[in-house]
Amino acid sequence: MSLEFSFYPGCAGKQVQKEAKSAAHAVARELGITLHPMPRASCCGAVSLRESKLAFSLAVAARILSEAEAAGRNICTICNTCLQTLSHANYRFKREPDVLEKINGVLKKAGVRPYGATIKVQHLLWVVTDQVDQKLLKSKITRPLKGLKVAPFYGCHNLRPSEIYESKAGDEADHLDRLITTLGGSPVSYSGSRKCCGFHVMLSDPTEMRSMVAKNCLDAKGEGAELMISPCTLCDMSLNAYQMPAEKVVGKKIDLPEMNFAQLLGASMGLDAAELGLERLHVDPRPVLKSKGV
Amino acid sequence: MAEKTYTFRVQRNKVTGDGKVESRWQDYQLAAEPTTTVLICLEQIKGHQDGTLTYRMSCRSAICGSCAMKISGRTRLACKTHVEKVADANGVIRVSPMTNQPILKDMVVDIRPFYNHVLKIKPYLQEGSETDTNVGRSSYDQVNHVTQCIMCGSCYSDCTMAEVSDKFVGPAALAKAFRFVSDPREGKKTARLRELSEENQMWSCCRCAQCVETCPKDVKPMEAIVKLRARGMQKGYVDGPGPKHALAFHGDIQKTGDLNEFTLMQRTIGIVGTLGELGMALHLMKKGKIPSPFPHKVEGVEELGNIYRILEENPLDVETKAKEVAPE
Ligand code: SF4
Ligand code: SF4
Ligand code: SF4
Ligand code: SF4
Ligand code: FES
């Protein structure tokens, strides 16, 4: 069975966090997921564009959704914020026909195919845990985690507001926990698991942002975590690349390796470390993986 | 429905002489129907098992806002929460006081920090030049669902930013501020937006949407915050640290708060422009994490320009609106 998606990696996946994107492609290939490129898709604008130009942000989202719809596919992303932005717009288009009609009026005038509000916005994590045949997934795990204690960090934009998502969300979401178990690891329960990493206040409230990073990581470590994974390129950036700056703010060593879920999945499938971009991470997960023979 | 025995794992808190809080967990067993509220169970426990158990309550019907407490990981109104929904697989329900406010005893917290923040945004109509004397049918489109707030403090207790900063005014205060900014009768709308653009106000929300999820009255504080920011920028308040970040995220926007079409195109093609400080940039560069200033151009980019132009010429009102509450 082949699963076909229009792939929307998000700008971070295309640039700063490209290791998550190459890891996504690597695991998709192994699991029979086809990620088709979206050559016309622009940046979704995140909440920032919603704040500055609401109608424009909806039209930009409709244009992206329409490209996938024209190809007859659902969208698959690896960025929580893209997931939230596109899901939020899609949720409104499906429930507010008058809004969809207004936005489509603009698209038509601008020479863009109008959006029929028929497709779904999915996260690669959901595809892997809910749509891929779990037997196939298990058969690919050649280097199980042997009980490695892994902290799932969902990221707020993967979960809330729960009503907008087309999969389990909010406190019900359990995708990462299930994935960790499938990989042979043991999911760590800790208070930061569904909190925010502070990415969006990185510049306006830098100390607070770093405190959030530190709090989430230290909570996880306190519960015994040896590794943390997230489904989002932006969470990855906060929790990994900003972990050392966060240590300075709280005056404590953290030293918790964090990686994208697709990187860990790829590693336990025995895929090439270079393709997974493990060397691009500031807090290196390789020693702890090695200790379990991964 | 059949009764079931639940375990209430309740945090007992006592302030000691030196002002420290002594906490311990105490278990109480109680048989209840799945749809019995947590508050009724606490009443049973207090009445029949342990009279020393202390919490606030009054209306029992999600109106007064007194009974907010942490129940199985989230802040909820005890009188609006069914036991079965919050019990784990072993029938255990964890109960503890709200967070981000000092504990007084058991589940009772000092709500002053929360209320003082709300007071800061001047929670009343002010006289001034911007009072609209025409109040029409659609005038309360934006006000209505924010006025459902019962000041229970649940959102503040669960707020991620409040957890790391006691200066942040918090979700309920900002939702209330939005209620006054959008009330046609308010006379000082612009002055409010200016104040709200300062530090620790609307721009310090990290947009985690926890308050939207937590609020028992569907106030959706974060949605109100997003709308406040939009209104603030429209008024030209783009100088504070918050809006600067919003702008840095995507590129430069003209000072008036109007989007510059050229830079907007760039934003829309996408640059993750969050690399504010040089030190951080160097730290990221070590791992090759510096975005290209010339991202790949998407196909059909002129369509985005068209969309933008059309919307500038004919702006669309696509804001979410509260449902009209008409008398029966
Ligand atoms: S939300 Fe962020 S990562 Fe996603 S497309 Fe927009 S700018 Fe890029
Ligand atoms: S945790 Fe941070 S980066 Fe992740 S989704 Fe939330 S705000 Fe975005
Ligand atoms: S969205 Fe903002 S106000 Fe609401 S809980 Fe998160 S940080 Fe607090
Ligand atoms: S916004 Fe909701 S959660 Fe916050 S105080 Fe008001 S009613 Fe309570
Ligand atoms: S007792 Fe009044 S809100 Fe619960």
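Quick caveat: nothing in here was measured; it's all calculated off a predicted structure.

**Observations concerning the overall build of chain B**
- Secondary structure summary: chain B contains 13 helices and 7 strands in total.
- By the burial criterion, 52% of the 328 residues in chain B qualify as buried.
- The contacts in chain B between residues at least 6 apart in sequence include a share of 64% that link residues at least 24 apart.
- With an accessible surface of roughly 15500 Å², chain B has 52% of that area assigned to carbon and sulfur atoms.

**Focus on the site of ligand 2**
- Near ligand 2 you find A:Asn80, A:Thr81, A:Phe153, A:Gly155, A:Cys156, A:His157, A:Cys196, A:Cys197, A:Phe199, A:His200, A:Leu234 and A:Cys235, and these make up its full shell.
- Considered class by class, the residues forming the shell around ligand 2 number 7 nonpolar, 5 polar and no charged.

**Section: unusual backbone geometry**
- The omega angle of the peptide bond from A:Arg160 to A:Pro161 is -10°, so this bond is cis rather than trans.
- Mapped onto the secondary structure, A:Pro161 falls in the loop between strand E5 (149-152) and helix H9 (175-182).
- Backbone geometry places B:Arg60, a non-glycine residue, at a positive phi of 60°.
- Along the chain, the position of B:Arg60 falls in the loop between helix H1 (38-48) and strand E3 (68-71).
- For B:Asn200, which is not a glycine, the phi torsion comes out positive at approximately 65°.
- If you trace the backbone, B:Asn200 turns up in the loop between helix H7 (189-196) and helix H8 (210-214).
- On the basis of relative accessibility, which here comes to 17%, the residue B:Asn200 falls in the buried class.

**What about the sheet that holds strand E3 (residues 74-77) of chain A?**
Residue and element names in this part refer to chain A.
- The sheet built from 4 strands is open, its strands ordered E2-E1-E3-E4 with parallel pairing. This sheet does not close on itself; its edge strands, each paired only once, are strand E2 (33-36) and strand E4 (121-123). The average undirected angle you get between the axes of adjacent strands in this sheet is 45°.
- Sheet topology note: the strand E1 (residues 3-8)/E3 ladder contains 4 bridges and is parallel. When the sheet's bridge partners are listed, Phe 5 is paired in E3 with Asn 74.

**Points about helix H9 (residues 221-234) of chain B**
Residues and elements named next belong to chain B.
- The end-to-end C-alpha distance of H9, which contains 14 residues, comes to 20 Å, matching closely the 20 Å that a straight helix rising 1.5 Å per residue would cover.
- Counting buried positions along H9 gives 13 out of 14 residues, so the element sits mostly inside the fold.
- The positive-phi residue at the C-terminal boundary of H9 is Gly 236, with phi of around 90°.

**Structural notes on the site of ligand 4**
- As a structural note, the neighbourhood of ligand 4 is formed by 13 residues, with B:Cys149, B:Cys152, B:Gly153, B:Cys155 and B:Cys215 the closest of them.
- Classifying every residue of the shell around ligand 4 by side-chain character gives 10 nonpolar, 2 polar and 1 charged.

**Quick look at the domain arrangement of chain A**
Residue and element names in this part refer to chain A.
- One can read the domain layout of chain A as domain 1 (4-123) and domain 2 (136-291).
- One C-alpha centre belongs to domain 1, the other to domain 2, and the line joining them spans 24 Å.
- With 32 residues of domain 1 in contact, the opposing surface of domain 2 contributes 34 residues.
- Summed over both sides, the interface of domain 1 with domain 2 buries roughly 2700 Å², with 61% coming from carbon and sulfur.
- A per-residue breakdown of the area domain 1 buries against domain 2 is headed by Glu 19, Leu 31 and Asn 80, which together make up 22% of the total.
- Inspection of the domain 1/domain 2 interface yields 4 salt bridges.
- Close ionic contact of Lys 140 with Glu 30 constitutes a salt bridge, the shortest N to O distance being 3.7 Å.

**Let's talk about the domain arrangement of chain B**
Residues and elements named next belong to chain B.
- The domains assigned to chain B are domain 1 (4-108), domain 2 (112-234) and domain 3 (255-313).
- Computed over C-alpha atoms only, the centres of domain 1 and domain 2 are separated by 29 Å.
- With 15 residues of domain 1 at the contact, the number on the domain 2 side is 17 residues.
- Inspection of the domain 1/domain 2 interface yields 1 salt bridge.

**Here's the deal with the packing of aromatic side chains**
- All told, the structure shown has 5 aromatic pairs over all chains when counted by the stated rule.
- Ring centres 5.9 Å apart and planes at 70° place the aromatic pair A:Phe93 and A:Tyr115 in the edge-to-face group. Placement of the pair is A:Phe93 in helix H5 (residues 80-95) and A:Tyr115 in the loop between helix H6 (97-109) and E4, with a sequence separation of 22 residues. Each member of the pair, A:Phe93 together with A:Tyr115, is buried.
- Taking the centre distance of 5.8 Å and the plane angle of 45° together, the rings of B:Phe114 and B:Tyr156 count as tilted.

**Looking at the sheet that holds strand E8 (residues 258-260) of chain A**
All names here are of chain A.
- With respect to topology, 4 strands assemble into an open sheet ordered E6-E5-E7-E8, the strand pairing being parallel. For this open sheet the edge positions go to strand E6 (186-187) and E8, each flanked by a neighbour on one side alone.
- When strand E7 (residues 227-230) meets E8, the two strands line up parallel, connected through 3 bridges. Opposite Ile 229, over in E8, you have Met 259 as the bridge partner.
- Docked against the sheet, helix H13 (residues 261-268) engages E5, E7 and E8, running at close to 85° with respect to E8.

**Here's the deal with the pattern of salt bridges**
- For the coordinates displayed, the defined rule picks out 37 salt bridges over all chains.
- Across the salt bridge formed by B:Glu303 and A:Arg63, the nearest N and O atoms sit 2.8 Å from each other. One end of the pair, B:Glu303, is in helix H13 (residues 301-313); the other, A:Arg63, is in helix H4 (residues 54-70), on a second chain. Just as B:Glu303 is buried, A:Arg63 falls in that class too.
- Here B:Arg12 makes a salt bridge to B:Asp106, at a shortest N to O gap of 3.1 Å. Separated by 94 residues along the polypeptide, B:Arg12 in strand E1 (residues 4-15) and B:Asp106 in the loop between strand E6 (103-105) and strand E7 (108-109) bring together distant segments of the chain. Taken individually, B:Arg12 and B:Asp106 each receive the classification buried, so the pair is uniform in this respect.
- Here the residues in one salt-bridge network are A:Arg29, A:Glu30, A:Lys140 and A:Glu275, joined through shared partners.

Parameters and conventions
- Residues numbered from 1 in each chain as written.
- Chains lettered and ligands numbered in written order.
- Predicted model: local features only at pLDDT ≥ 70, side-chain atom pairs only at ≥ 80, totals over all residues.
- Heavy atoms only, no water.
- Helix = DSSP H or I, 4+ residues; strand = E, 2+ residues; numbered from the N terminus.
- Buried < 20%, exposed > 50% of the residue type's maximum accessible area, 1.4 Å probe, protein only.
- Contact = heavy atoms within 4.5 Å.
- Areas by Shrake-Rupley, 256 points an atom, 1.4 Å probe, with all protein chains shown as cover.
- Near = heavy atom within 4 Å.
- Nonpolar A, V, L, I, M, F, W, Y, C, P; charged D, E, K, R; others polar.
- Pairing = 2+ DSSP bridges.
- Axes fitted to C-alpha atoms, helices over the stretch in contact; angles between N-to-C directions.
- Expected span 1.5 Å × (residues − 1).
- Domains from an automatic or database assignment.
- Buried area = accessible area lost by both parts, 1.4 Å probe.
- Salt bridge = Lys/Arg side-chain N within 4 Å of Asp/Glu carboxyl O.
- Phe/Tyr/Trp six-rings, centres within 6.5 Å; stacked < 30°, edge-to-face > 60°.

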